[in-house]
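Geometric and topological summary
Each chain is listed here by its residues.
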Amino acid sequence: ASFFADHIKKKKKYLAGQISLRDIRAECEAQILRVRALGIAPSHMDSHQRLDVLPRGIVLCLSLAKEYQISRLRIPAEPYFFSGGYPAGNGRMLAKCGLTFLAERARSKARQQRFLAPDHFFGMVAGGHMAERYFLPVLQQLPEGCSEIMVHPGLFPEILAEEYDWQYQWLEEFQALTSPAMMQWLKDNHVNLISFKELVHE
């Protein structure tokens with residue numbers, strides 16, 4: 001199978017039925033097996049650029065998850081009109097809303113099969129730019145239940161910039177996550193930090 005550096009091109013070909021699901025399944029399974037070979041039990045299903053919530057992709061991913069006894073997955077359904085103060089353009093907001101629609105459909109399929117996922121998701125619109133000034137408003141608006149906040153922290157932005165031309169604020173996100181003020185806010189507001197492994201059915 002061919003891999004595409006351009007995820008937009010990949011999605012167009014996928015939606016046009018020009019990418020083999022057999023090849024996708026083989027690649028996903030190879031990644032699961034690689035992780036297991038390293039002695040790591042995968043905590044949840046996830047994918048880069050959201051293959052796992054596309055209509056046929058979610059069916060494939062749930063099938064693999066069942067086969068390898070992975071009971072949790074990410075559902076990147078950020079609320080439709082949420083920006084968290086990040087100055088996103090109309091195109092980015094529209095793309096986020098399309099993703100949220102697909103993600104909610106994927107959530108429905110996952111729930112029917114008793115898979116676990118956080119109740120809420122934030123960080124899509126401001127992805128790669130979750131500095132403290134955008135992170136704190138997300139925390140202050142957290143709804144009841146379990147929320148995932150997507151971040152991309154990194155310590156060496158110059159090295160990362162050579163590998164990824166995404167213009168992400170890697171260091172600012174790391175600093176937000178380790179900020180004493182942020183840690184104090186979590187403590188004062190009784191917010192518990194958990195991993196996917198700790199998600200359980202109520």
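For the structure itself, look to the data block above.
The following refers to the structure shown.

1. Here's the deal with the pattern of salt bridges
Close approach of charged atoms allows side chains with opposite charge to pair. Tallied over the entire structure, the rule returns 5 salt bridges. The closest approach of N and O atoms between Glu148 and Arg74, which form a salt bridge, is 2.3 Å. Taken together, the positions of Glu148 in strand E2 (residues 147-149) and Arg74 in the loop between helix H3 (55-67) and helix H4 (90-112) put the pair 74 residues apart, joining distant regions of the chain. For the pair Glu148 and Arg74, a shared accessibility class is recorded, and that class is buried. In this structure, the salt-bridge partner of Glu104 is Arg107, at a minimum N-O distance of 3.0 Å. With Glu104 and Arg107 both in helix H4, this residue pair falls 3 residues apart, about one helical turn. Via salt bridges that share partners, Asp46, Arg74 and Glu148 belong to a single interconnected network.

2. Looking at the packing of H3 against H4
One way to put it is that H3 packs onto H4 with a least axis distance of 10 Å and a crossing angle of 35°. Helix-helix and strand crossings are classified by hand; for H3 and H4 the assignment is right-handed. Between H3 and H4, the residues in contact are Pro55, Ile58 and Leu62 and Leu102, Ala106, Lys109 and Ala110, respectively. Along the lines of polarity and charge, the residues of the contact of H3 with H4 split into 6 nonpolar, no polar and 1 charged.

3. Some words on the nonpolar core
Met45, Leu64 and Leu73 are the most contacted members of the largest nonpolar core, which has 27 residues in total. When residues of this core are traced back to their parent elements, those giving at least two are helix H2 (21-37), H3 and H4. The element best represented in this core is H3, accounting for 6 residues. Apart from residues no more than four positions distant in its own chain, Leu73 is found in contact with His44, Met45, Ile58, Leu62, Ala110, Phe115, Leu116, Ala117, Pro118 and Phe196. Of all hydrophobic cores here, the second largest spans 14 residues; its members include Phe82, Met93, Val125 and Ala126.

4. Describing the packing of aromatic side chains
Scanning the entire structure with this criterion turns up 7 aromatic pairs. Geometrically, the ring pair formed by Tyr164 and Trp170 is tilted, given 6.0 Å between the ring centres and 50° between the ring planes. With relative accessibility at 8%, the residue Trp170 sits in the buried group. Aromatic pair Tyr168 and Trp170: ring centres 5.2 Å apart, planes at 55°, arrangement tilted. A residue is classified by how much of its surface remains accessible, and Tyr168, at 25% relative accessible area, is partly exposed. Linked through ring pairs, Tyr164, Trp166, Tyr168 and Trp170 together constitute an aromatic cluster.

What counts as what
Residues numbered from 1 in each chain as written. Predicted model: local features only at pLDDT ≥ 70, side-chain atom pairs only at ≥ 80, totals over all residues. Heavy atoms only, no water. Salt bridge = Lys/Arg side-chain N within 4 Å of Asp/Glu carboxyl O. Helix = DSSP H or I, 4+ residues; strand = E, 2+ residues; numbered from the N terminus. Buried < 20%, exposed > 50% of the residue type's maximum accessible area, 1.4 Å probe, protein only. Axes fitted to C-alpha atoms, helices over the stretch in contact; angles between N-to-C directions. Left-handed = near helix turned anticlockwise from the far one by under 90°. Contact = heavy atoms within 4.5 Å. Nonpolar A, V, L, I, M, F, W, Y, C, P; charged D, E, K, R; others polar. Core = buried A, V, L, I, M, F, W, Y, C linked by side-chain atoms within 4.5 Å. Phe/Tyr/Trp six-rings, centres within 6.5 Å; stacked < 30°, edge-to-face > 60°.

Function-wise, these values are silent; they only describe arrangement.
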